[in-house]
Structures are given as C-alpha cells and as structure tokens.
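Chain by chain, the residues:
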Amino acid sequence: MKELCIRANEAGQRLDKFLGKYMDQAPKGFLYKMLRKKNITLNGKKASGSEMLSEGDVVRLFLAEETIGKFSRIQKAPVQSSEGRKSAKLDIIYEDKHTLFINKPVGMLSQKAKPEDVSLVEHLTAYLLSSGQIKEEELRTFRPSVCNRLDRNTSGIVAAGKTLAALQELTEMFRERTLKKYYLCLVKGTVTEKKRISGYLVKNEKTNTVSIQSEKSGGASLIETEYRPLAFGGGFTLLEVHLITGKTHQIRAHLASQGHPIAGDTKYGDRAVNERLKKEYGLKSQLLHSARLCMPECAGALAPLSGKVITAPVPVLFDKICRGIGLSQQGKGSGPA
C-alpha cells in the first residue's frame, strides 16, 4: 500500500488528474476501475475521481509496488551533474510560500524552445529541489513553472508559481491583465511627451517577426502601448512603457513603427545605432527591461501579494550605457504612468 499526502503545491486539482500524473503510464480506464473497486481511496473513502484535492488530503493506493512502478515514469531533476544539482544562481526579488519573482538576465530562456534547452523553468525547479521546498517524487504530480515569458534577450521580472493554486491564479492575472506591467527601454530619437498608441500586430511564424498595421486585417491582433519619457539626450530617450496588451515582440515592433526603435534590437532596430553601441559598449542585445509589476487586490494563495509593487533593477550594462550617453533629467518622473 502506498500513501500519498497532498501538499500545498498539489492541492486545487481533481483526484483523477492527480492520479494521471502520478501514474502517467496508466490507462484512464485502469485508474477509474481501481477507484470503483476501492483499490484507490481518498481520505479512507471511496472516490469517483472528480473530487477536488485540498492540502492534507490522503490518497491511498492499495496496489503492489510493481504495479505502481509499471505505470510510473519517474521524472528526473532537470539540472544535474556528477557533483550534484547545478543551476544558475537566480536573482530572486520576492518569494513567499506560493510564489517567486525572478529578475531574469539577458540570454536566458523563460521556457524551453527545444527539448535539450535549459531554461529559467529548469533553474527554478533545481532551486526548489536544492532548497528542500519540493521533493523529486512530487515532480510526478506538479511541476513549478513561470507565469509570464520574456524574450531571451529581454531582462527583468518573471513571475513563477511554486504551488498549483498560485500558478493558476497568477496565470489568470496575466491573461486577464488585472496586474500592470511596466518596462524600461532606451530608444533612438528624442521623445518629449507621454503617449498612448494602438495598432494591429501581424505575426510571421516563418521568420518569427511581427509587423504593425494601422487597420485590422485577417489574423491581426489589436495592441495598445503607453509610454512616457524619463530622460533624453544624445539622440536617445529612456522610456517607461506600460504594456497594456501583451503580444509577441509588441514593445519592440510598436516603438520601431513610431520611429523610435530600441537600442540594440537586431530585428526591429537601427543598424547604425546598434553598431555604434556594440563598438563603444559591447552591446549585443536590446535594452528592454521588465522593471515593475503592480499587483491588484489579491486573495487566496496570492493574498501576500495584494497591492504590492515588485521592482527589478536594470542590468549593469543598461545602466552603464545610459550614464555614458549622459541623459538629461528633463521629463523625468516617478510612480506609475
């Protein structure tokens, strides 16, 4: 007999979904048959599989170890070596029982693009394993993950759920846009006024690029972006951007369509500007940084985040370039746009 005590990171899902993850090679029919015959019980009682699990619930499997093993594919920890688990040192800017916010560096993937990739998700899992916040066996039924994605060469805040409830609630917030997202970027040209712009974004899957149109056409998505200048000088402006909608490459393409491409952006940027900054500072990626998240009133697993403002400092090179350009403080402001 195997006894499984439901932890916080597994609560909030149906019993049959939980069993399907724990014994991921078992046919659904087998699991339902075991439930009907009471070979699998919930809190000592017969269960149908539709029950929602809560922290502290006990699932008992009256099955031979050989049977459980036959239907289970053990998932290994994602970032390991012969010396033990290895992971990038995460720049954690906020952490509680349910959530974790990371200042992602330039060059790191938010999630895997290919099976062999090692992304922020793998580093997050390795961190939680090495700190004892999750056990390897628990990865059968729940895998921590990120709730928002940044381009590989965009730095800044990535939110992650350490429990299923938090992951679901945070993901819903990003989808429904109930939290506010602010970015910092250095753009070509002088911007002196706050502006809210809209347009229609069309994605080219083959080239992984997007284009901005003024009118709606087939497959185009409405986008809205708001920005204000914080400082300008030397032919550049430091902008704070409020990302109202959130589509692929939205900020980069939308600003470029306004004649203000982001410095260092090789897809939508100005080649001459990029070459200059590469030569003078070694810049190889866009100066775009997710700097601030303003949380709404929250309940449940996200209650500790209610009304909080999560901030992340810009990378050293970003700051160095801004200082080197000698941006004036005209137009500088503070607080949410």
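You'll find the structure just up there.
Below, the structure is looked at part by part. (Residues numbered from 1 in each chain as written. Predicted model: local features only at pLDDT ≥ 70, side-chain atom pairs only at ≥ 80, totals over all residues. Heavy atoms only, no water.)

Moving on, we come to the pairing of strand E16 (residues 288-294). In terms of residue burial, E16 counts as a mostly covered element, since seven of its seven residues are buried. Bridge count for strand E10 (residues 155-161) against E16 is two bridges, and the pairing is parallel. Looking at E16, one finds that Ser155 is bridged to His289. The sheet contact formed by strand E11 (residues 180-188) and E16 spans six bridges and is antiparallel. Within the sheet, the bridge partner assigned to Tyr183 lies in E16 and is Ser290. Here E16 pairs with strand E17 (residues 309-311) via three bridges, running antiparallel. Counterpart to Cys294 in the pairing with E17 is Val309. (Buried < 20%, exposed > 50% of the residue type's maximum accessible area, 1.4 Å probe, protein only. Helix = DSSP H or I, 4+ residues; strand = E, 2+ residues; numbered from the N terminus. Pairing = 2+ DSSP bridges.)

This brings us to the sheet that holds strand E2 (residues 40-42). Reading across the sheet, the four strands line up as E1-E4-E2-E3 and stay open at both edges, with antiparallel pairing between neighbours. Two strands lie at the open edges of the sheet, namely strand E1 (2-5) and strand E3 (45-46), each paired on one side alone. Across two bridges, the pairing between E2 and E3 is antiparallel. Residue pairing across strands places Leu42 opposite Lys45, the latter belonging to E3.

This part covers helix H1 (residues 15-22). Three or four residues apart is the spacing at which side chains of an α-helix point the same way, because the helix has 3.6 residues per turn. Taken together, the buried positions of H1 are occupied by Leu15, Asp16, Phe18, Leu19 and Tyr22. Angular distribution of buried residues about the axis of H1 spans 155°; they occupy a single face of the element. Here the buried face of H1 lies against E1, helix H2 (28-36), E2, strand E4 (58-61) and helix H3 (65-70). (Arc of directions from axis to C-beta. Contact = heavy atoms within 4.5 Å.)

Our next topic: the side chain of His289. Here His289 is to be found in strand E16. For His289, the side chain forms a polar contact with the main-chain oxygen of Ala312, separated by 2.9 Å. A polar atom in the side chain of His289 sits 3.1 Å from the backbone oxygen of Pro313. Leave out the neighbours within four places in its chain, and His289 touches Asn103, Ser155, Gly156, Tyr182, Tyr183, Leu184, Ala312, Pro313, Val314, Pro315 and Phe318. (Polar contact = N/O pair within 3.5 Å; in protein donor to acceptor, adjacent residues only side chain to side chain.)

The next thing to look at is the layout of surface pockets. Taken as a whole, the largest pocket holds about 1200 Å³ of empty space. Elements represented by at least two residues in the lining of the largest pocket include exactly helix H5 (164-176), E11, helix H6 (250-257) and E16. Its residues assigned to classes, the lining of the largest pocket comprises twelve nonpolar, 16 polar and 13 charged. (1 Å grid on protein atoms, 1.4 Å probe; cavity = no way out; pocket = protein on both sides within 12 Å on 5 of 7 lines; lining within 4 Å. Points joined across faces, edges and corners; volume = space filled by probe spheres on them. Nonpolar A, V, L, I, M, F, W, Y, C, P; charged D, E, K, R; others polar.)

If you walk through the whole model with that rule in mind, you get zero disulfides. Here Cys185 stays unpaired: no disulfide links it, and the sulfur of Cys322, its closest cysteine neighbor, is 9.9 Å away. Accessibility expressed as a relative area gives 0% for Cys185, which makes it buried. Cys294 supplies the cysteine sulfur nearest to Cys298, a cysteine that is in no disulfide, at a spacing of 12 Å. When its relative accessible area of 13% is taken as the criterion, Cys298 is described as buried. (Disulfide = S-S within 2.5 Å.)

Within the secondary structure, Ile68 sits in helix H3. Along the sequence, Ile68 and Gln25 sit 43 residues apart, while their C-alpha atoms lie 9.6 Å from each other. Beyond its immediate chain neighbours, meaning those up to four positions away, Ile68 contacts Lys2, Tyr22, Met23, Leu61 and Leu63.

With that out of the way, let us pick up the nonpolar core. Core analysis: the biggest nonpolar cluster contains 49 residues, and Phe101, Cys185, Leu239, Val241, Ile251, Leu255 and Leu305 have the highest contact counts within it. Not counting residues up to four positions away in its chain, the partners in contact with Leu305 are Tyr94, Asp96, Thr99, Phe101, Met295, Pro296, Cys298 and Ile310. By size, the runner-up hydrophobic cluster in this structure holds 22 residues, among which are Ile6, Leu15, Ala47 and Ile68. (Core = buried A, V, L, I, M, F, W, Y, C linked by side-chain atoms within 4.5 Å.)

Look at H1 against H2: their axes get within 10 Å of each other, and the N-to-C directions meet at 120°. The orientation of H1 relative to H2 falls into the category oblique. In this structure, H1 meets H2 at a crossing whose hand is right-handed. Between H1 and H2, the contacting residues are Leu15, Asp16, Leu19 and Gly20 on the first element and Leu31, Tyr32 and Leu35 on the second. Split by residue class, the contact of H1 with H2 holds five nonpolar, one polar and one charged. (Axes fitted to C-alpha atoms, helices over the stretch in contact; angles between N-to-C directions. Parallel < 35°, antiparallel > 145°, perpendicular 65-115°, else oblique. Left-handed = near helix turned anticlockwise from the far one by under 90°.)

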